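Observations on the model geometry
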Amino acid sequence: MVNATVKAGVCGFTTRISAESGDEQNVTLRIETDCETIRKLADSLPVLDAYAEMQAGHDGELLKAVRANLKGCCAGCSVPSGMFKSMQVAA
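Residues numbered from 1 in each chain as written. Predicted model: local features only at pLDDT ≥ 70, side-chain atom pairs only at ≥ 80, totals over all residues. Heavy atoms only, no water.

With respect to the packing of helix H1 (residues 36-44) against helix H3 (residues 61-69)
Geometrically, a packed helix pair is captured by the angle between its two axes and the distance between the axes. Note the threshold: Here an axis means a line fitted to C-alpha atoms, over the contact stretch when the element is a helix, while the angle between two N-to-C directions is reported on a 0 to 180 degree scale. Secondary structure counts use DSSP, requiring at least four H or I residues in a row for a helix and at least two E residues in a row for a strand, with both numbered from the N terminus. Throughout this description, any angle smaller than 35 degrees is read as roughly parallel, any larger than 145 degrees as roughly antiparallel, any in the 65 to 115 degree range as roughly perpendicular, and the remainder as oblique. Two helices that cross are described as forming a left-handed crossing if the nearer one is turned anticlockwise from the farther one by less than a right angle, and a right-handed crossing if clockwise. Contact definition: two residues touch when any of their heavy atoms are within 4.5 Å.
Relative to each other, H1 and H3 sit at 140°, their axes nearing to 9 Å. As summarised for this structure, H1 and H3 are arranged oblique, according to the angle between their axes. In the packing of H1 onto H3, the handedness of the crossing is right-handed. Note on element contacts: H3 touches H1 through Ala65, Val66 and Asn69, opposite Thr37, Lys40, Leu41 and Ser44.

The structure is reproduced here in structure tokens:
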């Protein structure tokens, strides 16, 4: 299991990310945050095939969900990067 804490910056929100994989490929992300936008993003995430996500690059399910849900959010939000990296490490 991987645990990460992201202090996003100017917004003042802190997000805690837990990434877990039972088979070192399929990863479940659990997100705790006070940010409504990140919470909405977290609620939309499926179990992620980490290898497929890394191969797909910007066309993977995680980053598609980020683009769909982070409307009106800071363009420099560091939470999506923290989610992606946590997924990689868990796998």
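Don't stop here, the text continues.
Some thoughts on the layout of surface pockets
Selection rule: Put simply, the grid is 1 Å and covers the protein atoms alone, a cavity is a trapped set of points that fit a 1.4 Å probe, a pocket is an open set with protein on both sides within 12 Å along at least five of seven lines, and lining residues have an atom within 4 Å of a point. Grid points are joined across faces, edges and corners, and a volume is the space filled by probe spheres set on the points. Amino acid classes used here: Ala, Val, Leu, Ile, Met, Phe, Trp, Tyr, Cys and Pro are nonpolar; Asp, Glu, Lys and Arg are charged; the rest, including Gly, are polar.
Of the volumes computed, that of the largest pocket is approximately 160 Å³. Lining the largest pocket are 15 residues; nearest its centre among them are Ala8, Cys11, Cys73, Cys74 and Cys77. Within the lining of the largest pocket, the residues separate by chemical class into ten nonpolar, four polar and one charged.

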